[in-house]
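Now for the letters of each chain:
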Amino acid sequence: MVSANNDFTYNSKIEGDVIVTKADAVVNWIRSHSMWPMPMGLACCAIELMASGAARHDISRFGAEVMRFSPRQSDVMIVSGTVTYKMATAVRRIYDQMAAPKWVIAMGACASSGGMYRSYSVLQGVDRIVPVDVYVSGCPPRPEALLDAIIKLQGKVAKEPALGKLFKA
């Protein structure tokens, strides 16, 4: 017997006690609700990043409260703050060490575009060295803006062809 209730997962249906859905939907649901961020706090935006883990904002609602300081255990890099050319090589190296699939959030005006720094030492956007999936505007952005970015990233992950990427990598 097929139920008319479609509230459980994307493109799924319930037949008795069995939920039938696509493998991509299951893999993407797991990935989007268990993101482990790699905090790349380089300046004042890192304070807002830390505040997002506090009880008031509670980043754990989105399954992203496990901040991992090892690139091999994380899948979302949150670059928060000013990236200098001296630090850019380290940021790229850490990104390369992260296991696939991996995503990047650029948090703040400095990480997104260099912000107010137009000097020889500041990278004018972290997207010049790593691919950015979500930009967070503001100087510094509020923790709610980071939570909104995580929600947007979850939406993006939910639409990716998971199994095709898995076998391609």
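The structure contained in this document is the topic of the report that follows. (Residues numbered from 1 in each chain as written. Predicted model: local features only at pLDDT ≥ 70, side-chain atom pairs only at ≥ 80, totals over all residues. Heavy atoms only, no water.)

A few points about the overall build of the protein chain
Inclusion rule: Secondary structure elements are defined from DSSP: runs of H or I of at least 4 residues count as helices, runs of E of at least 2 residues count as strands, and each element is numbered from the N terminus. Each residue's exposure class comes from its accessible area (1.4 Å probe, protein chains only) as a fraction of the maximum for that residue type: buried when under 20%, exposed when over 50%, partly exposed otherwise. Using a 1.4 Å probe, accessible areas were evaluated by the Shrake-Rupley method; residue-level cover was limited to the displayed protein chains.
Helix and strand counts for the protein chain stand at 6 helices and 6 strands. Traced from its N-terminal end to its C-terminal end, the protein chain shows the element sequence β-β-α-β-α-β-α-β-α-β-α-α. Counting only residues that meet the buried cut, the protein chain has 41% of its 169 residues in that class. Of the roughly 9,500 Å² that the protein chain leaves accessible, carbon and sulfur atoms contribute 59%.

Details of helix α3 (residues 85-97)
Threshold: The span expected for a helix works out to 1.5 Å for each residue beyond the first.
If you check α3, its first and last C-alpha atoms are 19 Å apart, about what 13 residues at 1.5 Å a residue would give, namely 18 Å. The complete set of buried residues in α3 reads A88, A90, V91, I94 and Y95.

Thoughts on the pairing of strand β3 (residues 37-41)
In plain terms, the rule: Two strands qualify as a pair provided DSSP detects at least 2 bridges between them. Place the viewer so that the strands point away; then a crossover is right-handed whenever the path from the first strand over the helix to the second strand goes clockwise.
Among the 5 residues in β3, 4 count as buried, and that is most of the element. Pairing analysis gives 5 bridges linking β3 to strand β4 (residues 76-80), with the strands arranged parallel. The residue bridging P39 from the neighbouring strand is I78, located in β4. With respect to chirality, the unit in which β3 leads through helix α2 (residues 45-51) into the neighbouring parallel β4 is left-handed.

As for the pattern of salt bridges
What counts, and what does not: A side-chain nitrogen of Lys or Arg and a carboxyl oxygen of Asp or Glu constitute a salt bridge if their distance falls within 4 Å.
Inspection of the entire model under this criterion finds 4 salt bridges. Between K156 and D133 there is a salt bridge, with its nearest N and O atoms 2.8 Å apart. Of this pair, K156 sits in helix α5 (residues 143-158) while D133 is found in the loop between α4 (109-113) and β6 (134-136), placing the two residues 23 residues apart along the sequence. Between E144 and R142 there is a salt bridge, with the nearest N and O atoms lying 3.2 Å from each other.

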